Structure formats: C-alpha cells, structure tokens
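Report on the structure
Each chain, letter by letter, is given below.
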2 protein chains.
Amino acid sequence: MKSCIIATGNELTEGIILDKNSKYLAERLKSVGYDTLKITNVKDDLSLIKLSIEESLEMCDIIFLTGGLGPTQDDLTVQAVSESCNIDIVFNEELFEKIKKYYYNKTGKYLSILKKQSYVLKNAEILQNPVGSAPGQKVHFNGHTIYLLPGPYNEMKAIFDTHIYDELKSNMKNDHVEYSLYFYGLTEAELMQEVSVILKNFDYSTKIEEYIGPSLRIRMQKNDDFEPILEKILSQFSRYFIGFKSLEITLFDVLMKSSKTLSFAESCTGGMLSDTLVSIPGASNVFKGSLVTYSNESKVRLLDVKKETIEKFGAVSEETVKEMAYGLKKIMESDICVSVSGIAGPSLGSEQKPVGTVWYGFLINEDFFALKNVFTGDRDEIRKRATYFAFWNILDLVRKRYL
Amino acid sequence: MKSCIIATGNELTEGIILDKNSKYLAERLKSVGYDTLKITNVKDDLSLIKLSIEESLEMCDIIFLTGGLGPTQDDLTVQAVSESCNIDIVFNEELFEKIKKYYYNKTGKYLSILKKQSYVLKNAEILQNPVGSAPGQKVHFNGHTIYLLPGPYNEMKAIFDTHIYDELKSNMKNDHVEYSLYFYGLTEAELMQEVSVILKNFDYSTKIEEYIGPSLRIRMQKNDDFEPILEKILSQFSRYFIGFKSLEITLFDVLMKSSKTLSFAESCTGGMLSDTLVSIPGASNVFKGSLVTYSNESKVRLLDVKKETIEKFGAVSEETVKEMAYGLKKIMESDICVSVSGIAGPSLGSEQKPVGTVWYGFLINEDFFALKNVFTGDRDEIRKRATYFAFWNILDLVRKRYL
C-alpha cells in the first residue's frame, strides 16, 4: 500500500518550524509496512493545497493531511478536500456542542471563532481528539482513504494513536525484520565503500546520525540469516561500531549491564550530557548527578579546583579537567566521573586554544586520563559534538574494562 | 519570486529524520523575500524524484534539491535533473582530483566509490563544499534556476551560506518589516479570536511554540505604524506576553538588563534548564551554574536536604524543593535560585502525585515561594513543559521585582 502525507501551513514553508508531524506519521506507516512515496509541505493557499491533494491521489492509496483544521482564516484543509474530491461540507451540531463545552471547561469562555471547526466533510467519520478541540476526519474517495488531522503535534499524535494506528496495522501483514547498526567517527563513504558490496542483495538504507556517524538499516525476510552479514560488516568496522541502538541508549545499556554509575562535571556542555542521559527512562539507575560549573568561580567553589590551576593553565586545560574529575569523585562517589571544559564560542578562542577546543577528564576507579579534541561548527554544534564524543569514549571505556 | 524545495531520501519518507535542510532553506529564502510554495520530501526513486522536479518547474522560478549527491546506489539527484531537464551528465576531472585529495587527507585512503561524485550536470556551476566532499551544482533551465545541494545539514548549509545566500539577497529588494510576538500559557484560539480582528488588514501568521504558547508574526510595510497595533493586542493579552523574542532569550535579556544571576538545582529536568540557558552565547554573564541532583542521595549530600524531609514528604514536595533552593543558595550565591523536583515518568507516579507532578522552589534574595504544577505528556514532553514553566515564572519574577 502506498501512502502520501501533506502538511499545510506557512510556518512550514517559511521555515519557522520543522515538520515533526510528517516524520511521526511516516515512521508509524513504515513500521506497519506502508510505503510513503512523498511528503509535501504546502503553504496556506487553497489552490496549492488542492494541487497537492490531486497529485497525491494520482499515486497513493492513502493520504494524510495535517494542519489547517483550526479556527482561523488560513485554515483551509476541509475546503480543499471538499473541492478536490467533490464532497460537500456540512455543519455538525453535535460536534459544535462538544467543542463549545471543551473550550468552556478549559477557558471559561465561549469563543464564536470555534464554530468553523464544526463544519466537516459529508459522511466523514469523526475521530475524537483526546487532547484538543479539533477532531480528525476520515473520508473515502474513489478507492482512496483520506485522513484529516489537526496541526499541533500532540493532538495529531493522540488522534493517530487512538483511532488510526491499530486499523492500519491490522490491514497489513508484515514479514520483514529490520536491523539497525550505529557507527561512530567514520564517514558514510568509508562505510558504504565496503558495505554496499556486502549488502548488494539486500534492501538497506543509510542515514547520518548528526554529530555521531552513519547508521545502517537492513531489511531482511524473517527467515534470512543475519549473522554472517553482521560478521562481515564487523570484521571491517568493529572499532567504529556503537551497537544496535543509538549512542546514548547503548551507553545506558552497558552501564546497566555492568552495574556502574556515572556522574558529570560540565562546563561548556552546560548540562547537555546530563540531560541527554536523563531523557532515558530509568536513568537514575546509572546516573548519580552532575555539577554544571560553567563559571571559573563555581569550578573552584564546588569542585575544589585550585584557583592557581585555572590561573596558570586556564579553565580549558588538562590540569583543570583533572582537578574537576577528582573533585567530582569526592562529591558523587560514582564509578566513573567525567569532566568537560571547553570553548564553545562564538568568542573567547585564542591561537593555542581555538573555539571548539574541549578537554575531558575520565576518572574510573583510581585511574585518570585526559583527552583533548577540537570540534568544528557553531556554538550549538560544538556542544553537541563534545557531548557525543564524551559518550563514545565512556562507552569504549566501560566495554573494555567491564564487559 | 517563487521557490520550491525538494529533499530526497528514504530516511525522510520513512520518518527516520526530520527535514532540517528544507526548514533552513525556507527560512533563509523567506528572509530575503522569496515565497516558498511547496517543500517536498520524496523517496529515493528515480521516477518519483523526476515527477517532483517537473511539478516544481510548473510553479516556481527557483528550485532547491537536497540529498542524493552521495556515492551510493540510492543517490539519484543528478540523474533525475538530467532526465527531467534534458541536460547531459559529464565527468569533471578537476573535481575528481579535488575529491580524491579531500578524502585522502581525511582518511588516508583512496575510495573508488567516490568517483560517482565527480559526474556533474553539463555547464553546471560547481559550488565548492567547504566542509565535505560533494560540491553543490547550479544550473539554468528554461528560465528556472536549479540548485543541487548535498544532504548532510552542515554541508548543505555551508554551501548555501558561502555561495548562494548573498546572490539571492542581492536579487530581491525587501521593504517589509516583520514583528514577532511570543505568548505563554494561552491557546491559539483564545489569542486569534481577538487578534484576527485587530489584524484584519495585515499579513500575519501564527505558530504554536511547543510547550509554551502561540506566537504571532506580523508583516508590515516599512512606513506602517506598529505601535497602535501592539497596544491593542497587549491591552488584552499583556499577562501572557513574553516579548519579541523566544522565552529563553527574553529571560536572558531581562537578567542581563537587571544584572541578576541565576542558578538551578535540577532533578527531573536533569540539566535541561541549564542546557537551554547555556545554548545562548554570553550565558555566563547571568548563569552561575547548576546541580543536577537526580537521586535522593545527591539531594542530601550536595544540597543539604535533610534525609528526614525526603522520607516524610517525598522528593517531590514543597518541603524538599525549599531545602534544595536554600542549599543551592549557600553553594552558588546567585540572586535567584530555582529548584525543580518532579515525576517525569513513565513509572513511579501515585494517586497523590501522578506522573507529571513537578514542584518548584524560587528563592530570590531572602524571599522563598514554591509552586506546583502537573504536566501532561510523555517523559520528554513533561520535562520540556516543566522547563518552560520554570523559565516563564522566573521571567515574571524578575520583571516584577527588578524592571
């Protein structure tokens, strides 16, 4: 079955927001075996939306439209489907009462602007919105199924999850298995030069995990043998291999498996290492806590870094990250203590220490070592690269020591 | 001038990544006055890519294609443009030497797979890639300009910024001014019920800032008077008004303006408050540092929270965030000390304290107060909502006290 997704809104075509809706739908559709041919972002213009609908009807069995169901002048989706598919628009009294009640409960007001949201396509199945006012709609047209969903991500997702996903899943049988392989620190070309030969008889795709490295998705029949393929790939790339999950989740898994705890003293990364780890449910099993010591003063006061060390060698130096790591150890008593201090920019770089220079201290039991790297990019990119470099080195360390 | 953007790649149509490239291009194009009608994500399939190119040629003056310039089998962009526009493909010897050299310097290897990247469209202007191997290409066809750019975000961006942006800018004259207004804690419908009347003669668009509230972009002629419009809007919505910049940047600005410093003690937010603030260049002027005390043990040890307090009232309680805030004050000595402790889920909620419950402590000089809120969503959504709620309340506090 072939699917198309159309997301409407000037906020998309003007580059104000990323189209998270289509990514979510595309991923869900793929997971139940649908083949999404095209995702279109189109501005709030009736004739352009109609054109996109008509182009999609040419190629797909199932079409998702998101956005344009709100109460304002630039909400045009119902009208566009109506005109493209020649389906009447009708006022739905029952829906109007529901929407009025929803808003009254939420805001204590009655808003006349909401009346528009009660006009729906004739014979549409109304898909109740568990978290907002605008419901979804489902209509059939010439053998196609068309879904209209609201634009706010959480509302779109709630309607899809509640009313649509299970039905799509039960329509499809799926006898494929997909394997994901993640790599750190090599280019896609280096990987694919070899891997494209190994995988020449298989369906695969590659992706660049930003600031990390390439990942590889291999789709096989359920009874194909994956082991020999994996062996061939790892015989050449094992030293770059993260695992079958993303870098942070793989790190979390090996920490769990080895029952080791971790803590951070973060300067330029400003809490990003901690935040990335805490985003994983269950993080408290391996994560003891962090100190975000962004200023020199806080390094001295919280981590017992000597003032003279910073004065003599600078805050971004082997000596400073060493004292940071030992200070952290005293406070957190975690098995692994990692300190980070660098220059994220945009200013404050020098010839010896250009913007992007980051020093790391790793204290594991009683052993300490330091690493330096110089990352490229803007402030945000440097901080992200610095974060993943730390994760990769911790992962490597834990594997070599404990697994 | 009308523009279209086409991003190719199964990683897009399978929902593996967000299309950051098109967002960036659309935003840049908008800023110099181009009108992007449509953004298309299309899978790596020659006939589908050609179809998208042909549809875009129908409606636009200028077309950007991203992705599909790499060395692998699913890199089809050059061929698609060649066939759609009837332009020959030629081997570029000079480019081949450059790419070989680039890779050799980077990896110490020569990769035959890279030869493919040296086949370019005939008469194309080659746009050197400052940060990768695949260059961009620019061709003219029947009065249209077509740009081919590589898929990796930093490479696409580097080529666009270096070779394309200034030229586009000089092609357009721009006599518009755009005002952005950000709001916290009301719905788009509530805002637009009133504002759509005030703005009925102006060009505007709205956007939901996720986890925050609606924002409003108003475009006016350079000599239009914005003041009376702003006054009308604020007469009704001043208590929700963040300012003319995003929440975190507005908070940073008011802290700078009032010369006040801030520090955090974070539990469930795990470093997100710190990280969001540190993402702003110059953050060290207002940010003293943070303690990420994710475990109870670290709350006791680092922040001097009494063990009995946690045992009696729980880690997520008014009493605990109060002791956290006072403990933080002792360590950081910042003007404003904010503590956060909550249940981000997915498990560990209870009837009295469901998942999403978050307690905050605000200690400003000698005054303390606590706030509780219950946020909805999954783990990540709860942590983000909790972060912005804190920022909004700090902003409100600083404005009322100091400005």
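Only a predicted model underlies this, so the values are computations on that prediction, with no experimental measurement involved. (Residues numbered from 1 in each chain as written. Chains lettered and ligands numbered in written order. Predicted model: local features only at pLDDT ≥ 70, side-chain atom pairs only at ≥ 80, totals over all residues. Heavy atoms only, no water.)

1. Looking at the sheet that holds strand S10 (residues 203-209) of chain B
All names here are of chain B. Strand order in the open sheet formed by 4 strands is S10-S11-S9-S12, with antiparallel pairing between adjacent strands. Each edge of the open sheet carries a strand with a single partner, namely S10 and strand S12 (241-243). Neighbour-to-neighbour, the strand axes of this sheet turn through a mean angle of 30°, independent of strand direction. Pairing of strand S9 (residues 176-183) with strand S11 (residues 213-221) involves 7 bridges; the strand directions are antiparallel. Bridged to Val177 within S11 is Met220. The strands touched by helix H8 (residues 227-237) within the sheet are S9, S11 and S12, with S9 carrying the most contacts at an inclination of about 10°. (Pairing = 2+ DSSP bridges. Helix = DSSP H or I, 4+ residues; strand = E, 2+ residues; numbered from the N terminus. Axes fitted to C-alpha atoms, helices over the stretch in contact; angles between N-to-C directions. Contact = heavy atoms within 4.5 Å.)

2. Here we look at the interface of chain B and chain A
The interface is formed by 90 residues belonging to chain B together with 90 residues belonging to chain A. Interface area, chain B with chain A, both sides summed: about 7,500 Å², of which 56% is carbon and sulfur. Interface area lost by chain B to chain A is led by Glu14, Leu18 and Gln193 of chain B, which between them contribute 8%. Linking chain B to chain A there are 16 salt bridges. Residues Glu14 of chain B and Lys30 of chain A are paired through a salt bridge, measuring 3.5 Å at the closest nitrogen-oxygen approach. (Buried area = accessible area lost by both parts, 1.4 Å probe. Salt bridge = Lys/Arg side-chain N within 4 Å of Asp/Glu carboxyl O.)

3. Let's talk about unusual backbone geometry
All names here are of chain B. Phi is positive for Asn142, close to 50°, though the residue is something other than glycine. With respect to the secondary-structure elements, Asn142 resides in the loop between strand S7 (136-141) and strand S8 (144-149). Even without glycine at this site, Asp304 takes up a positive phi of about 65°. Following the sequence through the fold, Asp304 ends up in the loop between helix H11 (296-303) and helix H12 (307-313).

4. Describing the domain arrangement of chain A
Along its sequence, chain A is carved into domain 1 (2-171), domain 2 (176-243) and domain 3 (251-402). Each of domain 1 of chain A and domain 3 of chain A was reduced to a C-alpha centroid, and the two centroids are 45 Å apart. (Domains from an automatic or database assignment.)

5. Examining the relation of the copies chain B and chain A
The two copies are related by a screw motion: chain B maps onto chain A through a turn of 180° and a shift of 0.0 Å along the axis, at an RMSD of 0.1 Å. Between the two chains, the operation in question is that of a two-fold axis. Of all interface residues in chain B, 100% are interface residues in chain A too; the two copies therefore contact each other through one and the same surface. (Least-squares fit on C-alpha atoms with pLDDT ≥ 70 in both.)

6. Description of the environment of Met59 of chain A
Inspection of the secondary structure assignment puts Met59 of chain A in helix H3 (residues 46-59). Setting aside its immediate chain neighbours within four residues, Met59 of chain A contacts Lys2, Cys4, Leu37 and Lys38 of chain A together with Leu48 and Leu51 of chain B.

7. Description of the environment of Val254 of chain B
Looking at the secondary structure, you find Val254 of chain B in helix H9 (residues 247-258). Spatially, the C-alpha atom of Val254 of chain B lies 30 Å from that of Lys20 of chain B, the residues being 234 residues apart in sequence.

8. Here we look at the packing of aromatic side chains
Tallied over the entire structure, the rule returns 46 aromatic pairs over all chains. Between Tyr326 of chain A and Phe368 of chain A, the aromatic rings sit 5.9 Å apart at their centres with planes inclined by 35°, giving tilted as the arrangement. Of this pair, Tyr326 of chain A sits in helix H13 (residues 318-332) while Phe368 of chain A sits in strand S17 (residues 367-374), and the two are 42 residues apart along the sequence. Ring pairing ties together the aromatic residues Tyr24, Phe64, Tyr147, Tyr153, Phe160 and Tyr165 of chain A, which thus form one cluster. Of note, Lys115 of chain A hangs over the ring of Phe91 of chain A, and the distance from its end group to the ring centre comes to 5.3 Å. Over the ring of Tyr402 of chain B we find Lys260 of chain B, and its NZ or CZ is 4.3 Å from the ring centre. (Phe/Tyr/Trp six-rings, centres within 6.5 Å; stacked < 30°, edge-to-face > 60°. Lys NZ or Arg CZ within 6 Å of the ring centre and 35° of its normal.)

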